[in-house]
Amino acid sequence: MVTKQYASAFFGTTLAPTLRSLGVDTTITLGFSTSGCVRATALDATQSGFRSLVAREACGDRDEAVHDSNLFDLDAKYADVMSETEIHELLRRSA
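Let us look at the structure shown here. All of these numbers come straight from a predicted model, not from anything done at the bench.

**Section: the sheet that holds strand β2 (residues 51-60)**
Move 1: Read from one edge to the other, the open sheet built from 3 strands follows the order β1-β2-β3, with strand pairing classed as parallel. A strand with exactly one partner marks an edge of an open sheet, and here the two such strands are β1 (26-32) and β3 (80-82). Strand-to-strand twist of the sheet, defined as the mean angle between neighbouring strand axes without regard to direction, takes the value 30°.
Move 2: Where β2 meets β3, 3 bridges bridge the pair, whose relative direction is parallel. The residue of β3 that forms the bridge with A55 is M82.
Move 3: The sheet contacts of helix α2 (residues 34-47) involve β1 and β2, and relative to β1 the element is tilted by about 170°.
Move 4: The sheet strands contacting helix α4 (residues 84-94) are β1, β2 and β3, and the helix crosses β2 at an angle near 140°.

**A look at the pairing of β1**
Move 1: Summarising the sheet, β1 and β2 pair through 6 bridges and their orientation is parallel. Among the inter-strand pairings, T26 is bridged to a residue of β2, identified as R51.
Move 2: The handedness of the β1 to β2 crossover, carried by α2, is right-handed.

**A short note on the state of the cysteines**
A covalent bond between the sulfur atoms of two cysteines is referred to as a disulfide.
Move 1: The tally for this structure, following the rule as stated, stands at 0 disulfides.
Move 2: Here C37 stays free of any disulfide, with the sulfur of C59 as its closest cysteine sulfur at 11 Å.

**With respect to the side chain of H67**
Move 1: Here H67 is to be found in helix α3 (residues 64-77).
Move 2: At 2.7 Å, the side chain of H67 and the side chain of T34 are in polar contact.

**Notes on the nonpolar core**
Move 1: Among the nonpolar cores identified, the biggest contains 8 residues, and these are V38, A42, V54, C59, L71, L74, A79 and V81.
Move 2: Elements represented by at least two residues in this core include exactly α2, β2 and α3.
Move 3: Dropping the residues within four chain positions of it, L71 is found in contact with T34, V54, R56 and V81.
Move 4: Counting residues in each nonpolar core, the second largest holds 7 residues, with A9, A16, L19 and A45 among its members.

About the cut-offs
- Residues numbered from 1 in each chain as written.
- Predicted model: local features only at pLDDT ≥ 70, side-chain atom pairs only at ≥ 80, totals over all residues.
- Heavy atoms only, no water.
- Pairing = 2+ DSSP bridges.
- Helix = DSSP H or I, 4+ residues; strand = E, 2+ residues; numbered from the N terminus.
- Axes fitted to C-alpha atoms, helices over the stretch in contact; angles between N-to-C directions.
- Contact = heavy atoms within 4.5 Å.
- Right-handed = clockwise from strand over helix to strand, strands pointing away.
- Disulfide = S-S within 2.5 Å.
- Polar contact = N/O pair within 3.5 Å; in protein donor to acceptor, adjacent residues only side chain to side chain.
- Core = buried A, V, L, I, M, F, W, Y, C linked by side-chain atoms within 4.5 Å.
- Buried < 20%, exposed > 50% of the residue type's maximum accessible area, 1.4 Å probe, protein only.

In structure tokens:
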């Protein structure tokens, strides 16, 4: 378990080295808020060298337009925004 104090689960934590030591190469980000913690964590995952996935239906924000625009931007630049079904299928194929 990693306790975060900032928007990104990577900033100021041992998450990246812990994941690397476990051989993890991909992260799946979900949570609230899409424009804050989800975006910061997904971006930092990419900047830390992980493939970054964001589960579309498992995120939310105070405003649907803000949520949608952040998912659009994340998908265009930093992460693969996927449905839960797509992520489950990807995990099944990888197992």
